[in-house]
Amino acid sequence: MGILRKTGALLAATAGACLWLNRDGELRETIDIVRRDVRAIQERDPAAHNMVEALTCYSGLHAIVMHRLAHLMQKQGLPVVPRIVSQVNRFITGIEIHPAAEIGEGFFIDHGAGVVIGETTEVGDNVTIYQGVTLGGTGKETGKRHPTLEDNVTIGAGAKVLGSVKVARNAKIGAGSVVIHDVPADSTVVGNPGRPVRERGRKVGAADVDWTHLPDPVADAMRSLMRRVMEMENEFKTAFPDKKEEIERVQEEGERELDKVFEYFDKGE
Ligand SMILES: CC(C)(COP(=O)(O)OP(=O)(O)OC[C@H]1O[C@@H](n2cnc3c(N)ncnc32)[C@H](O)[C@@H]1OP(=O)(O)O)[C@@H](O)C(=O)NCCC(=O)NCCS
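Being a predicted model, the structure only gives us computed values, none of them experimental.

Enquirer: I'm lost on the overall build of the protein chain in this one. Help?
Expert: Looking only at helices and strands, one finds seven helices and 16 strands in the protein chain. Since a compact globule built from 269 residues should have a radius of gyration of about 18 Å, the 32 Å found for the protein chain marks it as more spread out than a globular shape. Expressed as lengths along the three principal axes of its C-alpha atoms, the size of the protein chain is roughly 125 × 40 × 30 Å. Across the 269 residues in the protein chain, those meeting the buried criterion constitute 26%. For the protein chain, the share of sequence-separated contacts (at least 6 apart) that also reach a separation of at least 24 residues comes to 31%.

So, in structure tokens, the structure goes:
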């Protein structure tokens, strides 16, 4: 009898809590978002063969479900409890997400353990992160001090993204990178400190091979030198008016020679 009464009380308390959490329809909304988190696992991990596997074998999913609940409580203004739920989450999954962190739909944490997501982090939709990722602060900022990840960002295992930096849409961060500056859209960033190695599908730093207009540093240097000599000759003409004619004769001869030289350079371009 005692057990029945206790179970009844527990169910009533749970139902009451659910009703309270759902007073603005937000619990229902949260359940829909969790459904999309489950779908994200099936779409992005070939090892997830069915929904039962996704629901039972992914600590990343367990962590995000608990976070969605903690975040809902945080938004409803419940004191302390969201932080406690977050700590229980960390104890069970090894993933620490501050209840205030704003996380979009279809979020997938693969392999889980060692992930830390700070209080003012903002995450867009369809973001994937691997084990050991930190979305943290540098320790020097106040207020908004954690990263903002736009839609479709992927962050490799062990990468650290620190400070109030923006990782723009479709960007990839290589495993083990340390990112402390903004990351452009459609780019790949690797290393410590993280630098772009690919932007919009092209390797950064690779030669832009325009075979018909190759740069000619020798011709450029010659042109620049000749411009300066002519400027000097003109100044001489003003400074020594009695030598003006002689200077002009030398200038004419020089220009004829120069035309030949530039004709040669221009053929090469
Ligand atoms: C960065 C990554 C996404 C590849 O992106 P990509 O745009 O295809 O880049 P590439 O493979 O062409 O590499 C570009 C350059 O970055 C280097 N690079 C790639 N990944 C790197 C990394 N994690 N750290 C340092 N350098 C890296 C490559 O050696 C290459 O250098 P090079 O131009 O001097 O040859 C991938 O290497 C990676 O790190 N993925 C994370 C996967 C992960 O975390 N898996 C965990 C599974 S449990």
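Enquirer: Would you mind showing me how to read helix α2 (residues 26-44) here?
Expert: Taking 1.5 Å of rise per residue, 19 residues should cover 27 Å, and α2 covers 27 Å from first to last C-alpha, within 8% of that figure. Of all the positions in α2, only D37, A40 and I41 are classed as buried. Within α2, the buried residues cover an arc of 95° as seen down the axis, which keeps them to one side. Exposed residues on α2 whose side chains face more than 90 degrees from its buried face are R28, I31, D32 and R35.

Enquirer: When you look at the sheet that holds strand β7 (residues 134-136) in this model, what are you seeing that I'm missing?
Expert: Whenever strands of a sheet pair, they do so through backbone hydrogen bonds, lying parallel or antiparallel. Read from one edge to the other, the open sheet built from five strands follows the order β1-β4-β7-β10-β13, with strand pairing classed as parallel. The two strands at the open ends of the sheet, each matched to only one other strand, are β1 (96-97) and β13 (178-179). Alignment of β7 against strand β10 (residues 160-162), held across three bridges, turns out to be parallel. By the bridge assignment, T134 is partnered in β10 with K160.

Enquirer: Teacher, can you tell me more about unusual backbone geometry here?
Expert: The bulk of non-glycine residues show a negative phi, and the bulk of peptide bonds are trans. Residue P193 follows N192 across a cis peptide bond; omega there is -5°. Not every positive phi belongs to a glycine, and N126 is a case in point at roughly 55°. Looking at the secondary structure, you find N126 in the loop between β5 (122-123) and β6 (128-130). Positive phi, normally seen in glycine, also occurs at N170, with a value near 65°. Among the structural elements, N170 can be located in the loop between β11 (166-167) and β12 (172-173). N170 sits in the partly exposed class, given 17 other C-beta atoms within 10 Å.

Enquirer: Got a minute to help me understand the packing of helix α4 (residues 59-75) against helix α5 (residues 81-93) in this structure?
Expert: For any two helices packed against each other, the geometry comes down to the angle between their axes and how far apart the axes lie. At their nearest, the axes of α4 and α5 sit 8 Å apart, and the two run at 175° to each other. By the criterion of interaxial angle, the relationship of α4 to α5 is roughly antiparallel. Along the contact surface, α4 presents S59, H62, A63, M66, H67, L69, A70, M73 and Q74, while α5 presents V81, P82, V85, S86, N89, I92 and T93. Of the residues contributing to the contact of α4 with α5, the split by class is nine nonpolar, seven polar and no charged.

Enquirer: Help me understand the nonpolar core in this model?
Expert: Nonpolar side chains tend to gather and get buried jointly when the protein is soluble and globular. With 40 residues, the main nonpolar core has I155, V161 and I173 as its most contacted residues. Listing elements by their share of this core, those giving two or more residues are α2, α4, β3 (108-110), β6 and β10. The biggest single contributor to this core is α4, with eight residues. Of the residues that make up this core, three or more belong to each of domain 1 (1-94) and domain 2 (118-212). The residues touching I155, leaving out its near neighbours within four places in the chain, are I129, Y130, V133, V161 and I173.

Enquirer: Before we go on, may I ask you to explain the sheet that holds strand β8 (residues 148-149) in this structure?
Expert: Strand order in this open sheet of four strands is β2-β5-β8-β11, and the pairing throughout is parallel. Taken across any chain shown, the strands that pair with only one partner, and hence form the sheet edges, are β2 (102-103) and β11. Two elements, β2 and β5, share two bridges in a ladder whose sense is parallel. What sits directly across from I103, in β5, is V123.

About the thresholds
- Residues numbered from 1 in each chain as written.
- Predicted model: local features only at pLDDT ≥ 70, side-chain atom pairs only at ≥ 80, totals over all residues.
- Helix = DSSP H or I, 4+ residues; strand = E, 2+ residues; numbered from the N terminus.
- Rg over C-alpha atoms; globule rule 2.2 N^0.38 Å.
- Buried ≥ 20, exposed ≤ 12 C-beta atoms within 10 Å, placed from the backbone.
- Contact = placed C-beta atoms within 7 Å.
- Expected span 1.5 Å × (residues − 1).
- Arc of directions from axis to C-beta.
- Pairing = 2+ DSSP bridges.
- Axes fitted to C-alpha atoms, helices over the stretch in contact; angles between N-to-C directions.
- Parallel < 35°, antiparallel > 145°, perpendicular 65-115°, else oblique.
- Nonpolar A, V, L, I, M, F, W, Y, C, P; charged D, E, K, R; others polar.
- Core = buried A, V, L, I, M, F, W, Y, C linked by C-beta atoms within 7 Å.
- Domains from an automatic or database assignment.

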